[in-house]
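Inside the fold
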Amino acid sequence: MKIEHIGIAVKDLDASNQLFERLLGYPPYKEESVASEGVVTSFFKVGDSKLELLQATNENSPIAKFLEKRNEGMHHIAFEVDDIEHEISRLEQEGFKLISSIPKKGADNKIVVFLHPGTTNGVLVELCQEIKEAAQHDEANRDQ
Ligand code: ZN
């Protein structure tokens, strides 16, 4: 595992892209919307890790709810795993609560699950696994 990225909730993605571009000295390498989560995201490389900025696209988005409660700021920390299904069952056995135990497609070519912050010291933890050819197939089958 490594820290794949840190997610930051923002109100205005364009303004925050400019802010982080000034901070880091370079622009985001991509923007991507994830309709299922109601977010539009941008990514900045920071060494081996990334920053993911997230803006809500509708009021039911988890990001809209987060902004309402806590305002802008750090939203989640994402760990990269090789075998997400294995980690899910391992963590469930360890007593962690998952928001959903079924991985879904996230931004940046990943399948992701989130651990409930209630069991992780208040930190929303994301596990993500790079989508490979075979996994993409599974995803497509699951959707049918
Ligand atoms: Zn994330």
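Along each chain, residue indices are assigned from 1 in the same order as the chain's sequence is written. Since the coordinates come from a predicted model, pLDDT governs what is reported: local features require at least 70, and pairs of side-chain atoms require 80 or more to be given and counted, while whole-chain, interface and lining totals use all residues. As a rule here, side-chain values cover all heavy atoms of the structure and leave hydrogens and water aside.

1. Things to note about the coordination of the zinc ion
Under the convention used in this document: Donors, by definition, are the N, O and S atoms found within 2.8 Å of a metal, the threshold being 3.2 Å for Na, K and Ca, and water is not counted, so a site can look incomplete. For a four-donor site, all angles between 85 and 135 degrees give tetrahedral; for four or six donors, opposite pairs above 155 degrees with the remaining angles between 65 and 115 give square planar or octahedral; all remaining cases count as irregular. Only DSSP runs of H or I with at least four residues qualify as helices, and only runs of E with at least two residues qualify as strands; both kinds are numbered from the N terminus onward. We call a residue buried when its accessible area falls under 20% of the maximum for its residue type, exposed when it is over 50%, and partly exposed in between, using a 1.4 Å probe and counting protein chains only.
Only His5 (NE2), Glu52 (OE), His76 (NE2) and Glu126 (OE) from the protein reach the zinc ion as donors, at distances of 2.1 to 2.2 Å. Classification of the site at the zinc ion as irregular follows from its four donor atoms and the range of 84 to 170° in their angles at the metal. Positions of the donor residues of the zinc ion, expressed as sequence spacing, correspond to H-x46-E-x23-H-x49-E. Residue Glu52 is located in strand β4 (residues 49–56), and its partner Glu126 is located in strand β8 (residues 125–130); the two are separated by 74 residues in the primary sequence. What makes Glu52 buried here is its relative accessible area of 6%. Note on Glu126: relative accessible area 4%, which makes it buried.

2. Here we look at the packing of aromatic side chains
Put simply, the rule reads: Ring pairs shown here join Phe, Tyr and Trp side chains whose ring centres sit within 6.5 Å, with only the six-membered ring taken for Trp; geometry is labelled stacked below 30 degrees between planes, edge-to-face above 60, and tilted in between.
The final tally for this structure, using the stated rule, is two aromatic pairs. Measuring from ring centre to ring centre gives 6.2 Å for Phe20 and Phe44, while their planes differ by 45°; the resulting arrangement is tilted. Residue Phe20 is located in helix α1 (residues 13–24), and its partner Phe44 is located in strand β3 (residues 39–46); the two are separated by 24 residues in the primary sequence. Ring geometry for Tyr29 against Phe43: centres 6.2 Å apart, planes inclined by 45°, an arrangement best described as tilted. Remark: Phe43 occurs in strand β3 and Tyr29 occurs in the loop between α1 and β2 (30–34); sequence separation between them is 14 residues.

3. Observations concerning the pairing of strand β5 (residues 73–80)
To keep things clear, this is the line we draw: A pair of strands is considered paired only if DSSP assigns at least 2 bridges between the two.
Relative to β5, strand β1 (residues 2–9) runs antiparallel, the two being bridged by seven bridges. Bridge pairing links Ala9 to Gly73 in β5. The pairing of β5 with β8 spans four bridges and is classified as parallel. Opposite Phe79, over in β8, you have Leu127 as the bridge partner.

4. A closer look at the environment of Leu98
For clarity, the threshold we go by: The contact criterion used is simple: two residues touch if any of their non-hydrogen atoms lie within 4.5 Å.
Tracing the chain through its elements places Leu98 in the loop between α3 (84–93) and β6 (104–105). Excluding anything up to four places from it in sequence, Leu98 contacts Ile88, Glu92, Val113, Phe114, Leu115 and His116.

5. Description of helix α2 (residues 62–70)
Our working definition: Working definition: the arc comes from the directions between the helix axis and the C-beta atoms, pointing outward to the latter. Residues adjacent in sequence count toward polar contacts only when both atoms are side-chain atoms; beyond that, a polar contact is any pair of N or O atoms within 3.5 Å, and within protein one must be able to donate a hydrogen and the other to accept it.
Among all positions in α2, only Ile63, Ala64, Phe66 and Leu67 are buried. Looking down the long axis of α2, one finds its buried residues gathered within 160° of arc, a one-sided arrangement. Exposed positions of α2 whose direction lies more than 90 degrees from the buried face are Glu68 and Lys69. Packed against the buried residues of α2 are β1, β3, β4 and β5. Capping the start of α2, Ser61 holds a side-chain oxygen 3.0 Å from the backbone nitrogen of Ile63, two or three residues further along. One or two positions beyond α2, positive phi appears at Asn71, with a value near 70°.

6. Comments concerning unusual backbone geometry
Backbone geometry places Asn109, a non-glycine residue, at a positive phi of 60°. Looking at where Asn109 falls in the secondary structure, it is placed in the loop between β6 and β7 (110–115). Using a relative accessible area of 28% as the deciding quantity, one classes Asn109 as partly exposed. We note that Asn121 has phi near 55°; this positive angle belongs to a residue other than glycine. Along the chain, Asn121 turns up in the loop between β7 and β8.

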